[in-house]
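These are the residues of each chain, in order.
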Amino acid sequence: MTATKKKESMKIVPPGKKKCVWMEAGVVSYKLCDNNYDCSTCVYDHAMQVKVARQKEAAVTEPLEVSADKFTETWVEKMMQLPASQRKCRYMITGEVGRKICPNAYECGNCSFDQMMQERMQVEALPVHALSDEGGFRVAEDTYYHEGHTWAKPEYGGRVRVGLDDFAQRLLGRVSGIDLPDLGHQVKQGEAGFRVRRNGDVVSVRSPIDGVVSRTNSRLSENPEIINESPYEAGWIFIVEPTKLRKNLKGLYYGDEVHKYMGEEKERLLSMANMGTAADGAELVDDIFEGLEGKDWDKFVKTFFRT
Amino acid sequence: MSKCVTICAIGFVEEDILDRISGSIQERCGIECKILRGTENPQYAYDERRCQYNSRLILDRLLRCGHDTFGILGVIQVDLFVPIFKYVYGLALIGCQCAVISLHRLRPQFYDHPPNRDLLVVRAQKTALHEIGHSLGLTHCRDRRCVMYSSTRIADTDFKQSHYCPTCLELFTWHLERCQALPYP
């Protein structure tokens with residue numbers, strides 16, 4: 001492989017990942033977004049802004065030295081150098097809309113399209129780009145998982161969407177109701193966040209993250225079975241404005257850790273449910289609660305929901 | 001007690017399949033096998049709601065039937081389940097040297113593929129080794145190639161090999177020696 005080709009191959013963006021706006025604008029050669037396009041809380045964006053500002057100042061006093069450095073413009077300035085027809089809206093960059101050109105000089109705070117998208121995206125969960133399988137359970141990639149079988153997905157704008165994972169919804173089976181938290185309620189990682197009802201049984205479920213509840217999925221009040229049909233998308237539970245995002249994320253499973261964790265949970269479930277037997281070809285039923293026929297239900301809840 | 005395993009055909013099972021399962025157990029586990037035919041059809045285990053047979057009830061019946069070997073492996077044609085699973089290829093009582101396997105979902109025809117006796121036998125041999133492992137006390141292995149890997153679907157069974165990984169084999173031998181040293185219950 002030639003040196004040029006090698007350099008190009010390094011710039012491949014893996015499926016499900018997104019280019020940082022600094023890369024998209026061409027200021028840096030390679031950087032993937034790791035903060036869901038929430039530049040306001042992004043350490044990298046902050047550092048780059050500071051760097052560019054310092055070098056602009058330095059350019060006044062030492063023009064010759066600074067001219068060799070490439071970080072003299074912010075990504076907005078770089079994008080603004082493009083012809084108007086090529087200034088991609090940041091929702092186009094992130095893939096939320098097919099084509100949208102920025103008419104507003106990247107001043108999103110004053111943009112009505114940005115406001116509309118913000119409102120729309122709070123109602124509809126972002127589509128899951130990749131679902132994988134671990135022992136018969138669906139696992140949404142690019143999502144963080146709490147040991148109490150909830151998931152947390154940081155989204156554009158810094159908010160975090162929360163829901164039940166596939167393991168939990170199958171263990172609970174046909175959900176008959178859900179007690180959503182009040183708006184403004186403060187939830188904490190590892191503490192009760194909401195309750196799920198299955199006829200006469202109630203299960204208290206842990207929140208995967210600290211934050212203030214800013215929106216709940218009102219559709220679940222009428223149709224709680226959406227949780228069973230679409231646990232990672234339409235069946236989301238609530239959205240929080242996180243208060244300890246970075247710290248909380250370190251306490252959650254992500255990537256390969258999720259698969260290992262789900263595999264271990266499945267083995268634990270089999271050993272508890274089968275009472276001294278072990279099976280091969282073990283694809284679990286969609287309603288494990290029903291399969292257990294109420295046997296030791298409290299023990300299962302305590303074990304898997306960490307209550 | 002004879003230090004061999006009884007392979008028990010529950011209902012009708014083709015002879016060559018039983019012979020080849022027996023050969024595989026002798027080769028991989030070093031355990032002699034004897035074949036027992038003519039065990040009754042398991043009508044007692046039929047579940048009308050699921051139209052499947054409850055594998056746990058079959059295991060209980062196998063445990064109660066008299067045999068003079070240290071272990072028993074039932075082989076059956078019908079579709080098996082346990083309440084929290086949609087189906088099982090096999091089920092074992094851990095540490096009780098008693099297991100059952102079903103050929104129903106191991107047949108290529110079940111997946112709309114043409115009949116293939118060799119493929120069926122290989123799948124049956126892997127499932128038998130897996131269940132014998134459980135029946136001695138082995139748990140599932142994380143190595144996808146090891147016969148003790150938990151198959152969720154038939155593709156998992158096809159992917160894994162017909163033998164234990166070195167760790168599982170060592171554990172298998174240890175369990176086997178302990179079981180064979182125990183007096184017959």
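Residues numbered from 1 in each chain as written. Chains lettered and ligands numbered in written order. Predicted model: local features only at pLDDT ≥ 70, side-chain atom pairs only at ≥ 80, totals over all residues. Heavy atoms only, no water.

(A) Representation of the overall build of chain B in the model. Along the backbone of chain B there are 5 helices and 9 strands. For chain B, the succession of helices and strands along the chain, N to C, is β-α-β-β-β-α-β-β-β-β-β-α-α-α. Expected size for 185 residues packed as a compact globule is a radius of gyration near 16 Å; at 15 Å, chain B falls within 12% of this value. Every one of the 185 residues in chain B was classed for burial, and the buried ones make up 54%. For chain B, the exposed surface amounts to about 8,400 Å²; the carbon and sulfur share of it is 53%. Here chain B contributes 22 positively and 20 negatively charged side chains, and the mean placements of these two sets differ by 5 Å. (Helix = DSSP H or I, 4+ residues; strand = E, 2+ residues; numbered from the N terminus. Rg over C-alpha atoms; globule rule 2.2 N^0.38 Å. Buried < 20%, exposed > 50% of the residue type's maximum accessible area, 1.4 Å probe, protein only. Areas by Shrake-Rupley, 256 points an atom, 1.4 Å probe, with all protein chains shown as cover. Lys, Arg positive; Asp, Glu negative; His and termini not counted. Charge placed at Lys NZ, Arg CZ, Asp CG, Glu CD.)

(B) Fine view of the sheet that holds strand S7 (residues 186–187) of chain A. All names here are of chain A. Sheet architecture is open: 6 strands sit in the order S3-S4-S5-S11-S10-S7, paired in antiparallel fashion. At either margin of the open sheet sits one strand with a lone partner, and together these are strand S3 (144–145) and S7. The pairing of strand S10 (residues 211–216) with strand S11 (residues 238–242) spans 5 bridges and is antiparallel. Across the sheet, the residue bridging to Gly211 is Pro242, located in S11. Strand contacts of helix H7 (residues 112–123): strand S5 (160–164), S10 and S11, with the helix running at about 90° to S10, the strand carrying the most contacts. (Pairing = 2+ DSSP bridges. Contact = heavy atoms within 4.5 Å. Axes fitted to C-alpha atoms, helices over the stretch in contact; angles between N-to-C directions.)

(C) Just the pairing of strand S2 (residues 137–140) of chain A, in detail. Residue and element names in this part refer to chain A. As judged from the 4 bridges shared by strand S1 (residues 131–134) and S2, these two strands associate in the antiparallel manner. Its bridge partner lying in S2, Asp133 is registered against Arg138. Between S1 and the antiparallel strand that follows it, S2, lie 2 residues; Gly135 among them carries a positive phi value of about 60°.

(D) Highlighting the nonpolar core. By size, the foremost hydrophobic cluster in this structure holds 73 residues, and its most contacted members are Leu164(A), Trp297(A), Phe305(A), Phe85(B) and Val100(B). Here this core gets 6 residues from one element, more than from any other, and that element is helix H12 (residues 256–274) of chain A. Ignoring any residue separated from it by four or fewer positions in sequence, one finds Phe305(A) in contact with Gly148(A), Leu164(A), Ala168(A), Leu171(A), Leu172(A), Val203(A), Ser204(A), Val205(A), Arg206(A) and Phe300(A). (Core = buried A, V, L, I, M, F, W, Y, C linked by side-chain atoms within 4.5 Å.)

(E) The arrangement of the domain arrangement of chain A in detail. Residues and elements named next belong to chain A. The assigned domain composition of chain A is domain 1 (17–123) and domain 2 (126–307). Computed from C-alpha coordinates alone, the two centres of domain 1 and domain 2 are separated by 35 Å. On the domain 2 side, the residues contacting the 16 residues of domain 1 number 15 residues. Taken together, both faces of the contact between domain 1 and domain 2 bury some 1,400 Å²; the carbon and sulfur share is 42%. Applying the counting rule to domain 1 against domain 2 returns 0 salt bridges. There are 0 residue pairs in polar contact (both at pLDDT 80 or more) connecting domain 1 and domain 2. Secondary structure elements with two or more residues in the side of domain 1 that touches domain 2: helix H6 (90–94) and H7. Ranked by residues supplied to the side of domain 1 that touches domain 2, first place goes to H7 with 6 residues. Residues of the side of domain 1 that touches domain 2, tallied by class, amount to 5 nonpolar, 5 polar and 6 charged. (Domains from an automatic or database assignment. Buried area = accessible area lost by both parts, 1.4 Å probe. Salt bridge = Lys/Arg side-chain N within 4 Å of Asp/Glu carboxyl O. Polar contact = N/O pair within 3.5 Å; in protein donor to acceptor, adjacent residues only side chain to side chain. Nonpolar A, V, L, I, M, F, W, Y, C, P; charged D, E, K, R; others polar.)

(F) Region of the structure containing the pattern of salt bridges. On inspection of all chains with the given rule, the structure shows 34 salt bridges over all chains. A salt bridge links Asp114(A) to Arg90(A); the nearest nitrogen and oxygen atoms lie 3.8 Å apart. Taken together, the residues span a long stretch of sequence, with Asp114(A) in helix H7 and Arg90(A) in helix H6 at a distance of 24 residues. One salt-bridge network, held together by shared partners, links Asp133(A), Arg138(A), Asp166(A), Arg170(A), Glu283(A), Asp286(A), Lys86(B) and Arg153(B).

(G) Main features of the interface of chain A and chain B. Taken together, the contacts link 28 residues of chain A with 28 residues of chain B. Between chain A and chain B, the buried area comes to about 2,200 Å², and carbon and sulfur atoms account for 50% of it. The largest share of the area that chain A buries against chain B comes from Ala278(A), Asp280(A) and Glu283(A), three residues that together contribute 32% of it. One can count 5 salt bridges joining chain A with chain B. As a salt-bridge pair, Arg153(B) and Asp133(A) come within 3.3 Å of each other at their nearest N and O atoms. Remark: the boundary between chain A and chain B carries 14 residue pairs in polar contact (both at pLDDT 80 or more). For the side of chain A that touches chain B, the secondary-structure elements that each account for two or more residues are H12, strand S12 (277–280), strand S13 (283–284) and helix H13 (288–292) of chain A. Here the side of chain A that touches chain B takes 8 residues from H12(A), the largest share from any one element. Alignment of S12(A) against strand S8 (residues 90–93) of chain B, held across 4 bridges, turns out to be antiparallel. Directly across from Ala279(A), in S8(B), lies its bridge partner Leu91(B).

(H) The arrangement of the environment of Lys3(B) in detail. Residues and elements named next belong to chain B. Mapped onto the secondary structure, Lys3 falls in strand S1 (residues 2–10). A relative accessible area of 52% means that Lys3 is categorised as exposed. Sequence separation of Lys3 and Asp47 is 44 residues, and the distance between their C-alpha atoms is 35 Å. In this structure, Lys3 is in contact with Ile31, Glu32, Phe70 and Gln180, ignoring residues within four places of it in sequence.

(I) Inspection of the packing of aromatic side chains at higher detail. Applying the stated criterion to the full structure yields 15 aromatic pairs over all chains. Where Phe110(B) meets Tyr111(B), the ring centres are 5.0 Å apart and the plane angle is 75°; that geometry is what we call edge-to-face. A relative accessible area of 24% means that Tyr111(B) is categorised as partly exposed. Aromatic rings pair up to connect Phe137(A), Phe167(A), Phe300(A) and Phe304(A) into one cluster. (Phe/Tyr/Trp six-rings, centres within 6.5 Å; stacked < 30°, edge-to-face > 60°.)

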